[in-house]
Amino acid sequence: MVRNAREVCLRFVVAVAALASLASCNDNVAAQQQQTPRAKPKVTAQTLQSQEVTLTTELPGRTAAHRVSQVRPRVSGIIRERTFVEGGMVRAGDLLYELDSTSFEAALRNAQAVLKRAEGAVPSAQARFDRYRSLSRNNVVSRQDFDEAQSQMLQAEADVAAASAAVETARINLDYTKVRAPIDGKIDASNVTPGALVTENQEAPLTTIHQIDVINVDLVRTSASLLWLNKERADGLRSNGDSVTVELLLEDGTHYPYPGKLQFRNAAVSSSTGMVSFRAIFPNPEGMLLPGMYVRALVEDGYVQDGFLLPQRTVSRNARGEATAKFVDANMKVEERILPVVQSVGNNWLVRSGVTNGDRIVVEGAQRASAGQEVEVTSVTVDDQTGEVRQAAEIVPATAKDDAGNLVSVRKTGPSVQ
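Description of the structure in this document. Everything numeric here is computed off the predicted structure, so don't read it as measured data.

A word on the overall build of the protein
Then comes step 1: Assigned secondary structure in the protein consists of four helices and 24 strands.
Then comes step 2: When the 418 residues of the protein are sorted by exposure, 33% land in the buried category.
Then comes step 3: Taking as baseline every contact in the protein between residues at least 6 positions apart, the subset at least 24 positions apart corresponds to 76%.
Then comes step 4: Counting every atom, the protein has about 24900 Å² of accessible surface; 51% of that belongs to carbon and sulfur.

Right, here's the structure in full:
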């Protein structure tokens, strides 16, 4: 009994000693952890530089022929021959159709005969007038006879003028039996065949010609976006004046190789759609653009002289919906800023204030670093086109060399979302 009590006491003493030893170890570990500093969060950052940024707006549109001419006959008759190739190119003045001209040739000969008869009556009337005028001075003939001679002479001259006009009309009608192309362009299929009867100025055209070496693109834009544009120009957005260039995106997403020019803008907003219509003109030497194609146009709104492009992945929104981003200051500490974002430009956000040259914006690791915390920074850059993050050594400079070896600035452009 006494022996069991001793064993119990011995075990109790051993357990207490073990607990004391374990507590001492825990105190030592805690002390070591307090003495060891926490590791700095690692982030990547891109250095920002101001640059000239061109703002563009993407607008939907349809192509249309620069000029369209519906060919109609100017006189009635039977079509004798068609001289053009359907679907081919024609030049202004080319013969398209030839009508039966027999009756028009006869009408011209008849008008010429009437003219000759009228011209034959003029000499006698003129001689009679001259004779009566000399006799009237000596009071040999009466004033009434003299007036009648003068009237006959004027009538003969008027008959000649009328006959001459009739000859000219007959000649024009004869020329109208040859239907010619009024403009250069691509001609459609013929709506009539030889032997068909056509009438003067009929409603149905014989064929249609489209001038497509120059193409029109009709665009539409909301009135709200125009109000935004006017506000931005008042805030410093610079305009290119009348020389506004336009680029096209075709239906398959490819870029049209030839830039165009903005021609005009309608002076009124559509009351039914709230849209404003624009028209741009593009050269079409290869005939790639056809009337009726759906396209999207990139229209220059203007440019910002000293703007900053922030990668979209670096900008977030706070609870109030304001755009915010984290930066690394000169003391290697994180600071958070509220930025007045203008609009998106490609994969970037355009900012005109709140940022200075040399500022470093956090690209990766923003979730691991809070405002005021010291961080370890690695310099990177974000590709404007793909959004790919690269090391700073892979940065493509914002300047390039031209053919002469001179440094020129690279303008950043891209579609905007409004």
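Moving on, there is more to tell.
Observations regarding helix α3 (residues 143-176)
Then comes step 1: A rise of 1.5 Å per residue sets the reference length of α3, with its 34 residues, at 50 Å; its end C-alpha atoms lie 50 Å apart and thus fit the reference within 8%.
Then comes step 2: For α3, the full list of buried residues reads F146, A149, M153, A156, V160, A163, V167, A170 and L174.
Then comes step 3: Contact partners of the buried residues in α3: α2 (102-137) and β6 (178-180).

Topic: the sheet that holds β6
To summarise the sheet geometry, strands pair through backbone hydrogen bonds and adopt either a parallel or an antiparallel arrangement.
Then comes step 1: The strand order across the open sheet formed by four strands is β6-β5-β3-β8, and the pairing between neighbours is antiparallel. Each edge of the sheet is formed by a strand with only one pairing partner; in this case those strands are β6 and β8 (197-198).

Notes on unusual backbone geometry
Then comes step 1: A positive phi angle is found at N201, which is not glycine, with a value near 55°.
Then comes step 2: Looking at the element boundaries, N201 is found in the loop between β8 and β9 (207-222).
Then comes step 3: Phi is positive for M332, close to 65°, though the residue is something other than glycine.
Then comes step 4: A residue is classified by how much of its surface remains accessible, and M332, at 27% relative accessible area, is partly exposed.

So, the side chain of S69
Then comes step 1: Locating S69 in the fold gives a position in strand β2 (residues 51-71).
Then comes step 2: The exposure class of S69 is buried, given its relative accessible area of 13%.
Then comes step 3: Leave out the neighbours within four places in its chain, and S69 touches P182, I183, T207, T208 and I209.

Topic: α2
Then comes step 1: With 36 residues, α2 should cover 52 Å at 1.5 Å per step; its first-to-last C-alpha distance of 54 Å lies within 8% of that length.
Then comes step 2: Looking only at α2, the buried set comprises F104, L108, A111, L115, A118, A125, F129, Y132 and S136.
Then comes step 3: Here the buried face of α2 lies against α3.

Considerations on the nonpolar core
Then comes step 1: Ranked by internal contacts, the top residues of the largest apolar core, which has 26 residues, are L96, Y97, L99 and I209.
Then comes step 2: Listing elements by their share of this core, those giving two or more residues are β5 (95-99), α2 and α3.
Then comes step 3: Residues contacting L99, with those up to four places away along its chain left out, are V75, S76, G77, I78, I79, R80, T177, V179 and V198.
Then comes step 4: Among the nonpolar cores identified, the runner-up in size contains 21 residues, and L59, L248, F282 and L289 belong to it.

Here's the deal with the pattern of salt bridges
Then comes step 1: What the rule picks out here adds up to 15 salt bridges.
Then comes step 2: Notably, a salt bridge pairs E374 with K40, separated by 2.9 Å at the nearest N-O pair. In this pair, E374 sits in the loop between β19 (360-364) and β20 (376-382) while K40 sits in the loop between α1 (2-35) and β1 (42-47), placing the two residues 334 residues apart along the sequence.
Then comes step 3: Assessed through its relative accessible area of 44%, K40 is described here as partly exposed.
Then comes step 4: The residue R143 makes a salt bridge to D147 at a minimum N-O spacing of 3.6 Å.

Thoughts on the side chain of D383
Then comes step 1: Within the fold, D383 resides in the loop between β20 and β21 (389-391).
Then comes step 2: In this structure the side chain of D383 is engaged in a polar contact, spanning 3.3 Å, whose partner is the side chain of R390.
Then comes step 3: When neighbours within four sequence positions are excluded, D383 is seen to be in contact with E388 and R390.

What about the packing of α2 against α3?
Then comes step 1: Packing of α2 against α3 brings their axes to within 7 Å, and their N-to-C directions diverge by 160°. In terms of their interaxial angle, α2 and α3 are classed as roughly antiparallel. Helix-helix and strand crossings are classified by hand; for α2 and α3 the assignment is left-handed.

Thoughts on the packing of aromatic side chains
Then comes step 1: Applying the stated criterion across every chain, the model contains four aromatic pairs.
Then comes step 2: For the pair F84 and Y97, a centre-to-centre distance of 5.4 Å together with 80° between the ring planes defines the contact as edge-to-face. Taken together, the residues span a long stretch of sequence, with F84 in the loop between β3 (77-82) and β4 (89-90) and Y97 in strand β5 at a distance of 13 residues. Take F84 and Y97: they sit in the same class, and that class is buried.

Remarks on the pairing of β3
Then comes step 1: Inspection of the sheet shows β3 paired to β8 by two bridges, in the antiparallel sense. Counted as the bridge partner of G77 is V198 from β8.
Then comes step 2: With three bridges connecting them, β3 and β5 associate as antiparallel partners. Along β5, the bridge assignment pairs R82 with Y97.

Some thoughts on the environment of A166
Then comes step 1: Here A166 is to be found in helix α3.
Then comes step 2: Take A166: its relative accessible area is 37%, and that puts it in the partly exposed class.
Then comes step 3: Along the backbone, A166 and V114 are 52 residues apart, and their C-alpha atoms lie at a distance of 8.8 Å.

Here is what the cut-offs are and how they apply
Residues numbered from 1 in each chain as written. Predicted model: local features only at pLDDT ≥ 70, side-chain atom pairs only at ≥ 80, totals over all residues. Heavy atoms only, no water. Helix = DSSP H or I, 4+ residues; strand = E, 2+ residues; numbered from the N terminus. Buried < 20%, exposed > 50% of the residue type's maximum accessible area, 1.4 Å probe, protein only. Contact = heavy atoms within 4.5 Å. Areas by Shrake-Rupley, 256 points an atom, 1.4 Å probe, with all protein chains shown as cover. Expected span 1.5 Å × (residues − 1). Pairing = 2+ DSSP bridges. Core = buried A, V, L, I, M, F, W, Y, C linked by side-chain atoms within 4.5 Å. Salt bridge = Lys/Arg side-chain N within 4 Å of Asp/Glu carboxyl O. Polar contact = N/O pair within 3.5 Å; in protein donor to acceptor, adjacent residues only side chain to side chain. Axes fitted to C-alpha atoms, helices over the stretch in contact; angles between N-to-C directions. Parallel < 35°, antiparallel > 145°, perpendicular 65-115°, else oblique. Left-handed = near helix turned anticlockwise from the far one by under 90°. Phe/Tyr/Trp six-rings, centres within 6.5 Å; stacked < 30°, edge-to-face > 60°.

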